[in-house]
Amino acid sequence: MLKLRHASLAAIIAIAGTGVAFAQTQNATPAVASGTTGPAIDQAAIAAPTVEPGYTVPRLKIGQPDLTGVWSNASNTTLRRPGSMKNLVMSNAENDHARDNNPSNIRQATDDGQSGQGLLDGKDLASGRGYNAFWIDPGSSYANVKGTWRTSWIVEPANGQVPTKPGKQMNPYGPRLGTGYDNPEERNLNERCIILGTSGPPIGNYLYNNNLRITQSPSHVVIESEMIHDARIIPLNAKHGPKELAPWMGDSIGWWEGDTLVVETVNMTRGGSSVAVTPNGKIIERFSRYSENQVFYEFEVHDPELYTQVWKGQMALNHQPAMYEYACHEGNHGMIGIMEGGRLADKEGRNIQEDGDREE
């Protein structure tokens, strides 16, 4: 029986008899122009080596593999696979078509169809958008993970969907307090600029600010997110703290398995990347230096109370030259408007809900 994790990807593709596109790095020319895709190619890509063939993993003076630097997961690829995409891996032709027709890319290219000179007049906001295209930076290409174009971060289940148990939906933004319209403290953690989840676990990608900085020492690893400058301080070879002390992003500990950094997080208020977890859930992450310009990132979500199975994802973190300061502030004009809307509803005797001002 072929052991996928110890076979070269090229050999697996040859066995599969297909010509799917594989690129060695983020910006490399794929080895094959186009070809067939399907479950065999997906499994081969998932199981491919975590280090680019021929690449020697650099090491710090302290002996650890070097994961330091600024990395980005800005991409059209999202956690869940879109319904229009059947497979995990895309050929070059499929990737080109998907990229050219991605609504986010079209929006960025056309700035929501607005034209003319001078400042935008805000007419696009009438469609319900809080930002016009000028202000967003989600990425304009699909992710290339270990040399393959990906349609989702989720690799297991094979359908690329979150395997939530029926009737077990949870608010991925943390527990909801009150109506959301009576006090600022009732708004979700994102709006209050407490955590946004870009640093994980698991790491997610958003409208903008998809950068993170990894810093290493002999005893700790720090993952600092550009968004809200969240910082996960991860002690190495340590034990989890008491459950009563619950950091916003959970209680993380790490250790090295060969050249891979493994991080285990428990006792979370919520997961990153809009992933819901119960207080008994656990997320395991793995970081490996794939190439000079890419860190390979994996995650597993263990939460039998909420999900039908352990589910897994893979992601590419691509090198960036720098990361700038990001400032998020609570109590802006939007907050005032939300509270005023709640008071108006009270005055008129109406019931206002989190998903909109409506009559019951």
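As the structure is a prediction and not an experimental result, all values here were calculated from the model.

Draft legend 1. Examining the nonpolar core more closely. If you look at the biggest cluster of nonpolar residues, it comprises 35 residues, and the most contacted ones within it are L79, F287, Y307, W311 and L317. Top contributing element to this core by residue count: strand β12 (residues 294-302), with five residues. For L317, the contacting residues outside a window of four places in its chain are W71, S72, N73, I203, F287, N293, Q294, V295 and Y297.

Draft legend 2. Structural detail: the sheet that holds strand β2 (residues 89-90). Read across the open sheet, the three strands follow the order β2-β4-β3; overall the sheet is antiparallel. Each having just a single partner strand, β2 and β3 (144-145) make up the two edges of the open sheet. Bridge analysis of β3 against strand β4 (residues 148-150) gives two bridges, and the strand direction is antiparallel. By the bridge assignment for β4, N144 is matched with W149.

Draft legend 3. Structural detail: the side chain of S288. Within the secondary structure layout, S288 lies in strand β11 (residues 282-291). The exposure class of S288 is buried, given its relative accessible area of 2%. A polar contact of 2.9 Å, which involves the side chain of S288, links it to the side chain of T260. Beyond its immediate sequence surroundings of up to four residues, S288 is in contact with T50, L67, D259, T260, V295 and F296.

Draft legend 4. Here's a closer look at the pairing of strand β13 (residues 311-320). Buried residues dominate β13, accounting for seven of its 10 residues. Strand direction decides the pairing type here: strand β1 (residues 69-72) and β13, joined by three bridges, are antiparallel. Residue pairing across strands places S72 opposite N318, the latter belonging to β13. Alignment of strand β5 (residues 154-156) against β13, held across two bridges, turns out to be antiparallel. Within the sheet, the bridge partner assigned to I154 lies in β13 and is G313. With eight bridges connecting them, β12 and β13 associate as antiparallel partners.

Draft legend 5. Unusual backbone geometry, seen in detail. Note that the residue after E156, namely P157, is joined by a cis bond; omega there is 10°. Secondary-structure assignment places P157 in the loop between β5 and β6 (211-216). For the bond from P201 to P202, the omega torsion is -15°, close enough to zero to count as cis. Residue placement: P202 occurs in the loop between β5 and β6. In this model, C193 sits at a positive phi of 60°, which is unusual for a non-glycine residue. If you check the backbone angles, N209 has positive phi at about 55° while not being a glycine. The residue N209 is located in the loop between β5 and β6 in this model. Given a relative accessible area of 17%, N209 falls into the buried group.

Scoring rules and cut-offs
- Residues numbered from 1 in each chain as written.
- Predicted model: local features only at pLDDT ≥ 70, side-chain atom pairs only at ≥ 80, totals over all residues.
- Heavy atoms only, no water.
- Core = buried A, V, L, I, M, F, W, Y, C linked by side-chain atoms within 4.5 Å.
- Buried < 20%, exposed > 50% of the residue type's maximum accessible area, 1.4 Å probe, protein only.
- Helix = DSSP H or I, 4+ residues; strand = E, 2+ residues; numbered from the N terminus.
- Contact = heavy atoms within 4.5 Å.
- Pairing = 2+ DSSP bridges.
- Polar contact = N/O pair within 3.5 Å; in protein donor to acceptor, adjacent residues only side chain to side chain.

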